[in-house]
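Here is how the chains run, residue by residue.
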Amino acid sequence: MDFKDTKEEAEFRNEVRSWLEANAELKSANDPPEDALGERLTDDDVAAAKNWQQKKAAAGWACLRWPKEYGGRAATSIQSVIWGQEESRFRTPANIFTIGHGMCGPTVMTHGSEEQKKRWIPKMLTGEEVWCQLFSEPAAGSDLAGLRTSAVRDGDDWIINGQKIWTTGAQFSDWGILVTRTDPTAPKHKGLTYFVVDMHSPGIEVRPINQINGGQGFNEVFFTDVRIPDENRLDDVGNGWRVALTTLMNERASIGGGGGGGGIAGLMELARSVEIDGRSALDQSAVKEKIADFMVRARGVKYTGFRTLTALSQGKIPGPEASFGKLVGGVLGQEMAAYAMELQGLAGGLNDPTVCADAANWQARYLGFPGLRIAGGTDEVLRNIISERVLGLPAEIRVDKGVPFKEIPSGS
Amino acid sequence: MNFDFTDDQKMLKETAAGFLKEHSPLELCRAVLESDQPFSTELWKKTAELGWQGTSIPEEYGGAGFGRLELAVMAEELGRALAPIPFSSSVYLATEALLIAGSEEQKKAYLPRLASGEAVGTFAFSEKVGQNGVTPTDTKLSGDTLSGVKLPVPDGDVADFAVVVASSDAGPTLAIVDLSGAGVTRTTLESFDPSRSMAKLEFADAAAEQLGEAGKGAEIAERVLNRAAVLLAFEQVGSASRAFEITRDYTLERFAFGRPIASFQAIKHKLADRWCDIEIARSNSYYGAWALEHDNDELPIAACLSRVGASEAFDAMSVDMIQLHGGVGFTWEFDCHMFYRRARLLSTVLGNTASWKHKLVDRAAAQEAA
């Protein structure tokens, strides 16, 4: 048992490091906080992201696990993780490609024709074309298969009408993966068809969503008589759910371990600096017990991540266990932020870094974490996934099973 | 990255599991719990024949010479079986104390007997209700005699000798005491988990020999507790996993409202949460095992992470085990209460969960300051 790289891994890490050192600068502690969720991206940020991706692609460091014929290097999962670990130590532009590379690419490669792969994959890899995911709808979130955006055949085209929501990066995307309903008389999972849509098509309108934290990471996307040529359909008509499952499996794998445990050191620092009844909060039993509880959970997520990396290193494929990190990390991050604001006393009610350095940091986390507990699978959906796929408990009893979609009660 | 046990260690674990399945079914734990028998001497002898007690004792002292990772995988299996034997007291505590602080002569005198299971050792530090730390202590070591009272002492009624935390002129000091000697009175106390026994030990000028440097008793005792905390965490993770599996199987078999109760989200989500707790505990315990095996600077913190994670996961699982069994979970005949009792007992034996949380934050703060 050790945390060391194998010989091959260490050699690979060195190779990665030397390229990064020659092409980027190491981060420093004084860097401003990153916009990790892409909630405040400008046109310049998008351009910088595309340049960096182009540079990586030219040197063979883009989408490492993808096949060589599309520009990848057919790397192992652990090599891809090592790349990610090393790149995160450097100052690099925001990554606007996570949806494309994490979900769209693998889906196209699994279900697309050779022609489709050649058309889309290489430009996705180089960052020349940005992709987004058009899945959720106002009335179909956790119950994704209840989606209503319709696609109706018209000659060689399909005509799309409806609305998608929670679409990250739609405003600067060139392509989107889109699940539509093509047969409302079929049971809900059966009547779906999966397309790739040109985001520059007439009839598409993108509107940013104003989040509770003031950010704008997501959009609503409206479709009014948007035409998609049939050649942009992925897999067969009526097979959309099967294709969507490929995307969702890849989504879970790419969201991974939550990261809610960051900030323990900051929380301890805060506890040391504030007083309760004339004594440092960090010297008090109730505070220690609370922080210890956070530490145990944060480390639990971290070391479970190490166990997953070990499985990857041994060539195994991690399963739905990835839901664990997001579930535990999301709640943990929100609770830690709330507790930090408690420790700040009345100043916890401020969002003003001029009064105390921490105000704004914890407050921003507290406003951000509700989103993390919902996006990419709510806590409740994750508990269902864990209980059904990991623990072998029965699936939900479905009252809409086998019922034609148009007859399913919708509450509206 | 290799944050996993080796294939050999996994095979050892499977072998231990197979043996315990046959020789330590839950009926054995129940038999000890329902009788006046303090532990299963039969299981103790059988495990000793396999050399389990000497797993991590060097070969020169009669052990198998394995590391702590091998001991950890066996601890997990002993936990799964709720094995009713004084393994933790003798192996994780007394043996570790001798390995850390024993003189060559003491190691030669005690370790071979511990390795063979011929002798049972224990570790005595608590003296009164509410105590969690190894100090302060009113037990006095004067020269080679010991006086004072220790309570409760796990397996104190059956152990052949105890490593006792005492105070001497030099400060806290450890002593080894032969519990069958003159001046020692032992009283069996009623244990919350009668499958594990508890005792009061009274010493009146009992013969004792100093263990380790005088005045360093508290530091040595902390080191012993750190090591035991990791190993005991594996037992707790094992017990919690078994409780989880029994409960999951029960909810799959039990029907209500025309469906297995395991199909209700209220049940599924509770089980998912308990599974997460156990994963958190398991991963922290792996970290503890890594630190213990390398005996490195991370051990004091890793021990706390292991201990807190495992105690809380097993406690929570044992509580929900009864809850999810419904009425039958409250009956004597069902096994739930054996897990419920064991969970609570193990959460107390090395000091309560809160005390380990305090240590965790204090140690993390000290590490940051350094």
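Details of the structure are given in the entry above.
Keep in mind that what you see is a predicted model, and the values were worked out from it rather than measured.

Enquirer: What should I look at first to understand the overall build of chain B in this one?
Expert: In terms of helices and strands, chain B carries eleven helices and nine strands. In terms of C-alpha radius of gyration, chain B reaches 20 Å, essentially the compact-globule figure of 21 Å for 370 residues. Viewed in the frame of its principal axes, chain B has a C-alpha envelope of about 70 × 50 × 40 Å. Residues classed as buried in chain B amount to 57% of the 370 residues present.

Enquirer: What is the right way to read the overall build of chain A from this model?
Expert: Within chain A one finds eleven helices and twelve strands. Burial statistics for chain A: of 412 residues in total, 40% are counted as buried. For chain A, long-range pairs separated by at least 24 residues make up 72% of all intrachain contacts whose partners lie at least 6 apart in sequence.

Enquirer: Just checking my understanding: could you explain the interface of chain A and chain B for this structure?
Expert: Note: interface size is frequently given as the accessible area lost on complex formation between the parts. On the side of chain B, 37 residues touch chain A, which itself brings 35 residues to the contact. Going through the elements one at a time, α7 (264-273), α8 (285-313), α9 (322-343) and α11 (379-390) of chain A are the ones with two or more residues in the side of chain A that touches chain B. In terms of residue count, α8(A) provides more of the side of chain A that touches chain B than any other element does, 17 residues in total. Classifying every residue of the side of chain A that touches chain B by side-chain character gives 20 nonpolar, seven polar and eight charged.

Enquirer: Where do I start with helix α10 (residues 336-349) of chain B in this structure?
Expert: Turn by turn, an α-helix covers 3.6 residues, leaving residues three or four places apart pointing in a common direction. All names here are of chain B. The first and last C-alpha atoms of α10 sit 20 Å apart over 14 residues, in line with the 20 Å expected at 1.5 Å per residue. Counted residue by residue, α10 has ten buried out of 14 residues, so it is predominantly covered. Those residues of α10 that are buried are in contact with α2 (26-34), β3 (145-154), α7 (217-253), α9 (299-325) and α11 (353-369). Count one or two residues on from α10 and you reach G351, which has phi positive near 105°.

Enquirer: Looking at this model, I keep getting lost on the packing of helix α4 (residues 68-80) of chain B against helix α8 (residues 265-294) of chain B. Mind explaining?
Expert: In a pair of packed helices, the angle between the axes and the distance between the axes together describe the arrangement. Residue and element names in this part refer to chain B. Interhelical geometry of α4 versus α8 gives an angle of 145° and a closest axis separation of 9 Å. Contact residues: α4 offers R68, L69 and A72, while α8 offers A289, L292 and E293. Residue composition of the contact of α4 with α8, grouped by class: four nonpolar, no polar and two charged.

Enquirer: What is the right way to read the nonpolar core from this model?
Expert: In summary, soluble globular proteins display a tendency toward joint burial of nonpolar side chains. All names here are of chain B. One finds A97, A162, V164, L174, A175, V177 and L360 to be the most contacted residues of the largest nonpolar core, which totals 214 residues. The element best represented in this core is α7, accounting for 17 residues. Each residue touching A175, except ones within four places of it in the same chain, is listed here: L141, L146, V164, A166, A208, E209, Q210 and L211.

Enquirer: Sorry if this is basic, but what is going on with the packing of α7(B) against α10(B) here?
Expert: Residues and elements named next belong to chain B. Their axes nearest at 11 Å, the elements α7 and α10 cross at an angle of 160°. As the angle between them shows, α7 and α10 are arranged roughly antiparallel. Two packed elements cross with a definite hand, and for α7 against α10 that hand is left-handed. Taken together, the residues of α10 that come into contact with α7 (itself represented by L232, E235, Q236, S239 and A243) are F339, R342, A343 and L346. Here the residues of the contact of α7 with α10 sort into five nonpolar, two polar and two charged.

Enquirer: Looking at this structure, I do not really get the environment of A:A322. What am I missing?
Expert: Of note, A:A322 is situated in helix α9. Separated by 64 residues in sequence, A:A322 and A:I386 place their C-alpha atoms 9.2 Å apart.

Enquirer: In this structure, what is going on with the pairing of strand β4 (residues 161-168) of chain B? I would like to understand it.
Expert: If a strand is regular, its side chains alternate between the two faces of the sheet. All names here are of chain B. Buried residues dominate β4, accounting for seven of its eight residues. As judged from the four bridges shared by strand β1 (residues 121-124) and β4, these two strands associate in the parallel manner. Among the inter-strand pairings, G121 is bridged to a residue of β4, identified as F161. Examined bridge by bridge, β4 and strand β5 (residues 171-178) share eight bridges and lie antiparallel to one another. When the sheet's bridge partners are listed, V165 is paired in β5 with L174. Counting the residues in the hairpin turn of β4 and β5 gives two residues.

Enquirer: Sorry, what's going on with α7(B) here?
Expert: The end-to-end C-alpha distance of α7(B) is 53 Å, a good match for the 54 Å that 37 residues give at a rise of 1.5 Å each. Taken across its 37 residues, α7(B) has 30 buried, putting it largely inside the fold.

Enquirer: I tried to follow the environment of A:Q79 on my own but got confused; where do I start?
Expert: One can find A:Q79 in helix α3 (residues 77-87). The spacing of A:Q79 and A:F12 is 67 residues in sequence and 7.3 Å in space, taken between C-alpha atoms.

Enquirer: Just to check I follow, could you spell out the pairing of strand β3 (residues 131-134) of chain A for this structure?
Expert: Residues and elements named next belong to chain A. Side chains W131 and Q133 of β3 all project onto a buried face; the interleaved residues C132 and L134 project onto the opposite face, where all are buried too. Pairing of β3 with strand β6 (residues 175-181), which is carried by four bridges, proceeds in the parallel orientation. Counted as the bridge partner of W131 is W175 from β6.

Definitions and cut-offs
Residues numbered from 1 in each chain as written. Chains lettered and ligands numbered in written order. Predicted model: local features only at pLDDT ≥ 70, side-chain atom pairs only at ≥ 80, totals over all residues. Helix = DSSP H or I, 4+ residues; strand = E, 2+ residues; numbered from the N terminus. Rg over C-alpha atoms; globule rule 2.2 N^0.38 Å. Buried ≥ 20, exposed ≤ 12 C-beta atoms within 10 Å, placed from the backbone. Contact = placed C-beta atoms within 7 Å. Nonpolar A, V, L, I, M, F, W, Y, C, P; charged D, E, K, R; others polar. Expected span 1.5 Å × (residues − 1). Axes fitted to C-alpha atoms, helices over the stretch in contact; angles between N-to-C directions. Core = buried A, V, L, I, M, F, W, Y, C linked by C-beta atoms within 7 Å. Parallel < 35°, antiparallel > 145°, perpendicular 65-115°, else oblique. Left-handed = near helix turned anticlockwise from the far one by under 90°. Pairing = 2+ DSSP bridges.

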